[in-house]
Amino acid sequence: MPTYIAFTYTPDVDWTRPEYGQEMKEYQEFGEAAEAVIRGGHALYPTATATTVRVQGGKGGDVITSDGPYAETKEALTGYYVLECADLDEAVAVAAKIPAAWNGVVEVRPVIQF
């Protein structure tokens, strides 16, 4: 079966904080309801914890790091699910049930199997 990644883009918040407990409960409920197709996934800490890595000059060049995400946006990449679905239609139907789709956006992409 094809594999898809469902990237979640939501407001950039710290999901570990108690005030997001109800929303995290909704994600847990989604995970339980979709466990037949979920193969992995996690929530991410806020973008302020990100480190961007570049190699100047290509392979073997100088490694340059900077704090924060690559780009600033209204909605940040806040998590992902690895889904094994029959086709894109099924992956989209599953993604529509992810709570991030209700107040943000979910991007679904097929995974290239090497």
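Residues numbered from 1 in each chain as written. Predicted model: local features only at pLDDT ≥ 70, side-chain atom pairs only at ≥ 80, totals over all residues. Heavy atoms only, no water.

## Structural notes on the pattern of salt bridges
Per the counting criterion, the structure on display carries four salt bridges. In this structure, arginine 17 engages glutamate 19 in a salt bridge whose closest nitrogen and oxygen atoms are separated by 2.9 Å. Note that glutamate 29 and lysine 25 form a salt bridge whose closest N and O atoms lie 3.4 Å from each other. Note that glutamate 29 and lysine 25 are positioned in helix 1 (residues 21-33) at a spacing of four residues, about one turn of the helix. With relative accessibility at 40%, the residue glutamate 29 sits in the partly exposed group. (Salt bridge = Lys/Arg side-chain N within 4 Å of Asp/Glu carboxyl O. Helix = DSSP H or I, 4+ residues; strand = E, 2+ residues; numbered from the N terminus. Buried < 20%, exposed > 50% of the residue type's maximum accessible area, 1.4 Å probe, protein only.)

## Overview of the nonpolar core
Counting residues in hydrophobic clusters, the biggest one holds 16 residues, and the most contacted among them are Phe30, Tyr81, Leu83, Cys85, Val94 and Ile98. Listed by contribution, the elements that provide at least two residues to this core are strand 1 (3-10), helix 1, strand 5 (76-84) and helix 2 (88-95). Top contributing element to this core by residue count: helix 2, with three residues. Those residues in contact with phenylalanine 30 that lie beyond four places of it in its chain are Ile38, Tyr81, Val94, Lys97, Ile98 and Pro99. (Core = buried A, V, L, I, M, F, W, Y, C linked by side-chain atoms within 4.5 Å. Contact = heavy atoms within 4.5 Å.)

Distances and angles like these do not, on their own, reveal function.
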